[in-house]
Amino acid sequence: MNTINTYTAFGLIFSSEIEIPEFLPAIGEAQVSITLGNVPANISGNLTEGFRFQISKNEFIIRFKPWASFYVCNGDKIIIEPEQDSDERDVRVFLISSVIAILLHQRGLLPLHASGIKVNNKAVLFSANSGIGKSTISLALNRKYGYPLIADDITVISEKEGRPIVHSSFPSAKLWQESVDLLGISNEGLQYIRKDVFKYRYDNRPDFFNGILDPLIVFVLENTDDEIVEINEVKGIEKFNVLRAHIFRLRMVNELYASEHFKLISNLLNCAKCYKILRPKNGNSLDELCSVVQSAILK
Amino acid sequence: MINENIKIVRKKELLSSRMDNEIVMMHPESGKYFALNPVASRIWELLEEPHTINELVEKLLREFDVTEETCTNEVSVFIEEITEKKLIDIS
């Protein structure tokens with residue numbers, strides 16, 4: 001029998017047979033169980049198959065060879081079947097991103113591909129594709145203006161009585177060497193997120209806010225070939241489209257949760273402003289980016 | 001084809017949401033999204049209650065600065081389109 005650990009992340013309580021040091025320890029009745037066991041060969045019913053995965057509205061199987069297979073069902077259960085000799089960091093990287101994202105979808109929540117900070121008790125989010133600088137901008141604003149961090153890669157949106165709610169995720173960021181340098185963080189003692197992936201796992205517990213917030217602004221970051229940072233408020237239907245494009249693992253779940261997504265995005269956008277920021281692909285525009293964001297926040 | 005005496009109303013199961021002055025809506029079964037421009041959004045709002053084409057035109061003429069002919073044309077085209085996409089019911 002394995003030891004059971006209890007954690008909180010994304011506004012949920014998890015019981016887990018594996019250690020997840022990235023999550024915050026918690027006390028309370030778990031809503032989700034993470035266990036080690038056998039992943040079924042197939043799921044039943046009306047399913048869609050993709051590269052190494054099968055998905056239906058309530059079940060999901062994915063095989064990350066040669067590391068581990070995962071089974072997620074009914075939004076409350078994850079079974080992990082690690083391959084022999086797989087590194088636990090490799091297993092965790094998949095667990096706390098793609099796998100948990102599907103669990104969040106199954107629970108009717110909206111996992112956005114976004115980092116976030118807390119500004120005057122409200123949430124400011126930075127949505128972007130991988131590699132644009134979500135983690136870096138949040139950490140830079142935390143360093144510069146003291147805003148607590150709420151998420152690094154996935155931010156969960158839910159609703160209560162028709163009002164959108166933003167949930168913090170967990171106090172850990174994934175940073176490339178370039179970001180570590182830009183932020184002036186010492187890489188002494190930092191671990192790589194995976195055995196052979198040279199991206200660092202950066203624990204930001206002292207600067208982390210754990211809890212729920214009302215949304216204030218969603219910034220969508222994109223690269224540009226230009227040399228200046230450009231910011232524009234997004235309005236109307238474009239706002240909807242821009243945000244929908246940043247649903248975490250949308251390509252896997254497709255239209256399975258379309259109604260839930262529609263309601264949650266509409267709710268969120270009725271309460272939050274949305275800006276698109278184009279940032280130069282080349283050179284260091286981090287300071288300029290911070291100023292642009294800060295003035296939009298203070299407006 | 002919708003003739004002018006038939007009252008039409010939007011399908012109950014459609015989800016719609018206003019984003020500034022435009023409406024985005026979704027058909028929950030197909031998961032398809034539809035975006036409406038400001039005038040179409042206004043027609044869509046009116047269609048919460050059953051209306052004939054003439055009733056729609058009459059109301060829109062009071063709100064938008066267009067000739068009756070243009071308005072009738074635009075309403076007809078829009079109604080035809082949303083009928084084809086199965087977004088409305090005959091009341």
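Because the structure is predicted, anything quoted here is derived from the model rather than measured.

Conventions we followed
Residues numbered from 1 in each chain as written. Chains lettered and ligands numbered in written order. Predicted model: local features only at pLDDT ≥ 70, side-chain atom pairs only at ≥ 80, totals over all residues. Heavy atoms only, no water. Helix = DSSP H or I, 4+ residues; strand = E, 2+ residues; numbered from the N terminus. Rg over C-alpha atoms; globule rule 2.2 N^0.38 Å. Buried < 20%, exposed > 50% of the residue type's maximum accessible area, 1.4 Å probe, protein only. Contact = heavy atoms within 4.5 Å. Areas by Shrake-Rupley, 256 points an atom, 1.4 Å probe, with all protein chains shown as cover. Buried area = accessible area lost by both parts, 1.4 Å probe. Salt bridge = Lys/Arg side-chain N within 4 Å of Asp/Glu carboxyl O. Polar contact = N/O pair within 3.5 Å; in protein donor to acceptor, adjacent residues only side chain to side chain. Nonpolar A, V, L, I, M, F, W, Y, C, P; charged D, E, K, R; others polar. Pairing = 2+ DSSP bridges. Axes fitted to C-alpha atoms, helices over the stretch in contact; angles between N-to-C directions. Expected span 1.5 Å × (residues − 1). Arc of directions from axis to C-beta. Domains from an automatic or database assignment. 1 Å grid on protein atoms, 1.4 Å probe; cavity = no way out; pocket = protein on both sides within 12 Å on 5 of 7 lines; lining within 4 Å. Points joined across faces, edges and corners; volume = space filled by probe spheres on them.

Counting its regular elements, chain A contains 7 helices and 20 strands. Relative to the globule expectation of 19 Å for 299 residues, the C-alpha radius of gyration of chain A, 19 Å, shows essentially globular dimensions. In terms of principal-axis extent, the alpha carbons of chain A reach across some 55 × 45 × 40 Å. The buried share of chain A, reckoned over its 299 residues, is 57%. Restricting to contacts in chain A with at least 6 residues of sequence separation, those with at least 24 account for 64%. Roughly 13,400 Å² of accessible area belongs to chain A as shown, and the carbon and sulfur atoms make up 45% of that amount.

On the side of chain A, 14 residues touch chain B, which itself brings 16 residues to the contact. Both sides together, the interface formed by chain B and chain A hides about 1,300 Å², and carbon and sulfur atoms give 68% of it. For chain B, the biggest contributors to the area lost against chain A are Met 19, Asp 20 and Tyr 33 of chain B; these three give 45% of the whole. Remark: the boundary between chain B and chain A carries 1 salt bridge. Between Lys 239 of chain A and Asp 20 of chain B there is a salt bridge, and its shortest N-O distance comes to 3.7 Å. Between chain B and chain A we count 4 residue pairs in polar contact (both at pLDDT 80 or more) in total. Those elements giving two or more residues to the side of chain B that touches chain A turn out to be β2 (15–19), β3 (22–27) and β4 (32–36) of chain B. Taken together, the residues of the side of chain B that touches chain A break down into 10 nonpolar, 3 polar and 3 charged.

The next thing to look at is the sheet that holds β2 of chain B. With respect to topology, 3 strands assemble into an open sheet ordered β2-β3-β4 (chain B), the strand pairing being antiparallel. Taken across any chain shown, the strands that pair with only one partner, and hence form the sheet edges, are β2 and β4 of chain B. The mean inter-strand angle of the sheet, taken between neighbouring strand axes irrespective of direction, is 20°. Across 5 bridges, β2 of chain B lies against β3 of chain B in antiparallel orientation. By the bridge assignment, Ser 17 of chain B is partnered in β3 of chain B with Val 24 of chain B. Sheet strands touched by helix α6 (residues 258–271) of chain A: β2, β3 and β4 of chain B. Its angle to β2 of chain B, the strand with the most contacts, is close to 25°.

The next point concerns helix α3 (residues 68–84) of chain B. Residues that lie three or four places apart on an α-helix share one face, since the helix turns once every 3.6 residues. All names here are of chain B. With 17 residues, α3 should cover 24 Å at 1.5 Å per step; its first-to-last C-alpha distance of 24 Å lies within 8% of that length. Burial in α3 covers these residues: Cys 71, Val 75, Phe 78, Ile 79 and Ile 82. The buried residues of α3 occupy an angular sector of 100° when the element is viewed end-on, so they sit on one face. For α3, the exposed residues lying more than 90 degrees away from the buried face are Glu 69, Val 77 and Glu 84. Buried residues along α3 sit in contact with β1 (8–10), β4, α1 (38–46), α2 (53–63) and β5 (88–90). The positive-phi residue at the C-terminal boundary of α3 is Lys 86, with phi of around 60°.

Moving on, we get to the domain arrangement of chain A. Residue and element names in this part refer to chain A. Taken domain by domain, chain A holds domain 1 (5–107) and domain 2 (111–298). Put simply, the middle of domain 1 and the middle of domain 2, counted by C-alpha atoms, are 23 Å apart. Each partner contributes residues to the interface: domain 1 has 29 residues there, and domain 2 has 27 residues. Counting the surface lost from both domain 1 and domain 2, the interface buries some 2,600 Å², and carbon and sulfur atoms represent 64% of this. Interface area lost by domain 1 to domain 2 is led by Phe 10, Arg 89 and His 105, which between them contribute 27%. Between domain 1 and domain 2 we count 3 salt bridges in total. For Glu 260, the salt bridge goes to Lys 57, with nearest N and O atoms at 3.2 Å. Ranked by residue count, the leading element in the side of domain 1 that touches domain 2 is helix α1 (residues 88–106), at 12 residues.

Residue and element names in this part refer to chain A. Scanning all chains against the criterion turns up 2 cavities of 30 Å³ or more. Put simply, the largest cavity is a space of about 110 Å³. In terms of lining residues, the largest cavity is bounded by Phe 10, Val 93, Ile 96, Ser 97, Asp 152, Asp 153, Ile 154, Ser 169, Phe 170, Ser 172, Lys 174 and Arg 201. Counting contributing residues per domain, the lining of the largest cavity is built from domain 1 (5–107) and domain 2 (111–298), each supplying no fewer than three. Of the volumes computed, that of the second largest cavity is approximately 70 Å³. What lines the second largest cavity is a set of 13 residues, and nearest its centre among them are Leu 149, Ala 151, Asp 152, Ala 173 and Asn 204. Counting residues per element, the ones that place at least two in the lining of the second largest cavity are α2 (134–145), β12 (149–151) and β15 (172–175).

Take unusual backbone geometry next. Residues and elements named next belong to chain A. In this model, Lys 65 is joined to Pro 66 through a cis peptide bond whose omega is 0°. By the element assignment, Pro 66 lies in the loop between β7 (59–64) and β8 (68–73). The backbone of Asn 74 sits at a positive phi, close to 50°, despite the residue not being glycine. Take Asn 74: it is sitting in the loop between β8 and β9 (77–82). In the Ramachandran plot, Asn 120 falls in the positive-phi region, its phi being about 45° despite a non-glycine side chain. The topology assignment puts Asn 120 in the loop between β10 (110–119) and β11 (122–127).

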